[in-house]
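Okay, here's what each chain looks like letter by letter:
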Amino acid sequence: MKNKKIISVLMVGALMAGMLTVTGCGGSSDGDSSAKGGKTELELFSSKAENKDVLQQLVDKFNETHEDVTIKITAPADAGTVLKTRMAKNDMPDIVMMGGDNNYTEVESAGMLVDLSDQDYISNIQDSYMQMVYDVNKDKEEKAYGVPYATNASGVIYNVDKFEELGLEIPKTWDEFIDVLDQIKDAGEQPLLMTYKDAWTSLCPWNSMAPDLQPEGFTDDRKEGKTTFVGTHEEIVEKYLTLLDYAQDDFMGLTYDDGNKAFANGDSVMIINGNWAINQYKSANADLNVNMFALPASNDESKNYVTSGVDVLLGVCKDSANEDMAKEFVSFMMEPENAQTYIDDQFAFSAIKGVEQNNETVAGVKEDIANGKVANFPDHYYPSGFDLSALISEMCLNYSNGMDNQENMDQFLKQCDEKYDIANVD
């Protein structure tokens, strides 16, 4: 009888222990698998390490009204590779913040993200940026698996004081732009500064000109093998090589950081880059007076767009055990006050209607961005293995070594097609 009592006690104890174990691993009573210490824990994965501080500020604000929630921010180096590795292991975070580029396309195409099209804030997203996300969705599906949040802009950044000293007008067409470059050169000033020791910066003129000049639908047709760079991109390359005529002699040996300091100190009147570089100029010279305009690649002013893409979008992962709370956090981030906090800190633009970047250094592109006269970065549509910056860098090196422009262009475009075809695998 005593043994039976002992066995009964042990069985009850084992049952209770099992119940405790289920409660501890399963989280809260509503099935939340990531509740710790009575709190629901969500992971926010950011592909930009530089936004971690402002994200923490916004997370803290969210937690003020959600005391039962803890949001952990993860912002690793080489975030794209890390996220793909986690995707392969089916170890996705609850919320992702990433660029609207081919990394997003890989995650979305794998079916990892929740469709947020039914959320109220979608109607408050600028159509041009929402369309950019649709364009990089698998099969161009018009669903909001990623919600545009912060955007950027690339174009011509210019020294306002030097423009005024030389009596220059903002060019609206390609011919006007060349005329401005000639006037600067004739005045004994350096028209353009290029920092091509860092190859990625050579993409900036390409990204600013290609949307204005390439055939409509080129990126889709090229992916499907219906067209080629040869026969469609000659004008872009010709104009790119023309810009090199106005660069400083050591453009292939100047780094991005050193070039930014040189521009800030007045070594050039203009530089082709994005809004992300302006803080570096101002850090090097707080008195620098700069503004920005779209590179006018066409002589048809209506075709000259501000190159602007989705720098950060928000998505909710399908496997999240806390999908509703993750959606609630995304909704919180979309509130205009919070979006304003983010873009002011990150010196970005917003995809949300009515949330404006008011910094005077980008006033020249503000109106076009607000009106949706923007075109996405073309390299957002290229296959992830297609390293266009390396090809452009080689073309620029050939130019600096005296190669004939026609030969250089023919070689470059042929290589573009060859390298694209190698990378264009699903």
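Residue numbers here run from 1 along each chain, matching the order of that chain's written sequence. The predicted nature of this model means local features are confined to residues of pLDDT at least 70 and side-chain atom pairs, given and counted, to a pLDDT of 80 or more, with totals for whole chains, interfaces and linings taken over all residues. Side-chain numbers here rest on the full set of heavy atoms in the structure, without hydrogens or water.

1. Here's the deal with the environment of proline 171
Stated precisely, the cut-off is as follows: Under the scheme used here, helices are H or I runs from DSSP no shorter than 4 residues and strands are E runs no shorter than 2 residues, and both carry numbers assigned from the N terminus. Burial status follows relative accessibility: with a 1.4 Å probe on protein chains alone, a residue under 20% of its type maximum counts as buried, one over 50% as exposed, and anything between as partly exposed.
Its location among the elements puts proline 171 in the loop between α6 (160-166) and α7 (174-186). Overall, proline 171 belongs to the buried group, its relative accessible area being 3%. Each C-alpha atom of the pair proline 171 and alanine 294 lies 9.0 Å from the other, and the pair is 123 residues apart in sequence.

2. Comments concerning the environment of lysine 414
In this structure, lysine 414 sits in helix α17 (residues 405-423). Taking C-alpha positions, lysine 414 is 6.4 Å from valine 230, a pair spaced 184 residues apart along the chain.

3. Here's the deal with the nonpolar core
We apply this condition: Only buried Ala, Val, Leu, Ile, Met, Phe, Trp, Tyr and Cys residues count toward a nonpolar core, and they belong to the same one when joined by side-chain atoms within 4.5 Å.
By size, the foremost hydrophobic cluster in this structure holds 82 residues, and its most contacted members are Tyr149 and Tyr342. Of all hydrophobic cores here, the second largest spans 51 residues; its members include Tyr240, Leu295, Cys396 and Tyr399.

4. Topic: the packing of aromatic side chains
Here is the rule we go by: Centre distance within 6.5 Å is the pairing criterion for rings of Phe, Tyr and Trp, where only the six-membered ring of Trp is used; planes under 30 degrees apart are then read as stacked, over 60 as edge-to-face, and the remainder as tilted. Remark: a charge is flagged as sitting over a ring if the NZ atom of Lys or the CZ atom of Arg is within 6 Å of the ring centre and within 35 degrees of the ring normal.
The tally for this structure, following the rule as stated, stands at 20 aromatic pairs. Look at phenylalanine 229 and tyrosine 420: their rings are 6.0 Å apart centre to centre, the planes differ by 65°, and that puts the pair in the edge-to-face class. In this pair, phenylalanine 229 is assigned in the loop between α9 (218-223) and α10 (234-244) and tyrosine 420 in helix α17, connecting sequence segments 191 residues apart. We classify tyrosine 420 as buried; its relative accessible area is 1%. Members of the aromatic cluster, joined through ring pairs, are Tyr158, Phe163, Trp174, Phe177 and Phe293. It is lysine 185 that lies over the ring of tyrosine 246; its NZ or CZ is 5.3 Å from the centre.

5. So, the pairing of strand β5 (residues 147-151)
The cut-off we apply is this: Two strands are said to pair when DSSP picks up at least two bridges between them.
Burial analysis of β5 places 5 of its 5 residues in the buried class, the great majority of the element. Summarising the sheet, β5 and strand β11 (residues 310-316) pair through 4 bridges and their orientation is antiparallel. By the bridge assignment, threonine 151 is partnered in β11 with valine 310.

6. Side note on the pattern of salt bridges
Quick reminder of the rule: For this document, the term salt bridge refers to a Lys or Arg side-chain nitrogen within 4 Å of an Asp or Glu carboxyl oxygen.
Inspection of the entire model under this criterion finds 16 salt bridges. Salt-bridge contacts for lysine 162 lead to glutamate 189; the nearest nitrogen and oxygen are separated by 3.2 Å. Of the two residues, lysine 162 sits in helix α6 while glutamate 189 sits in the loop between α7 and β7 (192-193), which places them 27 residues apart along the sequence. Aspartate 421 is paired through a salt bridge with arginine 222; the nearest N and O atoms lie 2.8 Å apart. Here aspartate 421 is found in helix α17, whereas its partner arginine 222 is found in helix α9, with 199 residues between them in sequence.

7. Overview of the packing of helix α2 (residues 52-64) against helix α13 (residues 323-333)
Just so we agree on the cut-off: Interaxial angle, 0 to 180 degrees, is taken between N-to-C directions of lines fitted to C-alpha atoms, where a helix line uses only the stretch in contact. In what follows, roughly perpendicular refers to angles from 65 to 115 degrees, roughly parallel to angles under 35, roughly antiparallel to angles over 145, and oblique to any angle outside these ranges. For a crossing to be left-handed, the near helix must be turned anticlockwise from the far one by less than a right angle; the clockwise case is right-handed. Should any heavy atoms of two residues lie within 4.5 Å, those residues are counted as being in contact. Ten residues, namely Ala, Val, Leu, Ile, Met, Phe, Trp, Tyr, Cys and Pro, are considered nonpolar, four, namely Asp, Glu, Lys and Arg, are considered charged, and the remaining ones, Gly among them, are considered polar.
Where α2 contacts α13, the two axes come as close as 11 Å, and the packing angle between them is 115°. Between α2 and α13, the angle falls in the class roughly perpendicular. The element α2 and its partner α13 pack so that their crossing is right-handed. Residues Leu55, Leu58, Val59, Lys61 and Phe62 of α2 lie in contact with α13, whose contacting residues are Met325, Glu328, Phe329, Phe332 and Met333. For the contact of α2 with α13, the per-class residue count stands at 8 nonpolar, no polar and 2 charged.

8. Quick notes on the environment of tyrosine 399
What counts here: Whenever two N or O atoms come within 3.5 Å, that pair is a polar contact, provided that in protein one can donate a hydrogen and the other can accept it, and provided that, for residues adjacent in sequence, both atoms are side-chain atoms.
Within the fold, tyrosine 399 resides in helix α16 (residues 388-400). According to the relative accessible area criterion, tyrosine 399 is buried, its value standing at 19%. The spacing of tyrosine 399 and phenylalanine 349 is 50 residues in sequence and 35 Å in space, taken between C-alpha atoms. When near neighbours in sequence (up to four residues on either side) are disregarded, tyrosine 399 contacts Leu241, Leu244, Asp245, Phe251, Asn405 and Asn408. Among the polar contacts made by the side chain of tyrosine 399, one reaches the main-chain carbonyl oxygen of leucine 244 at a distance of 3.5 Å.

9. Side note on the confidence of the model for the protein
If pLDDT is low for a region, its predicted coordinates should not be looked at in detail. Basically, it comes down to this: Scored between 0 and 100, pLDDT is the confidence that the predictor attaches to each residue.
The share of residues in the protein with pLDDT of 70 or more is 91%, and the mean pLDDT across the chain is 91. Contacts from residues 1-33, a stretch scored under 50 in pLDDT, to residues over four places away or in other chains number 12 contacts.

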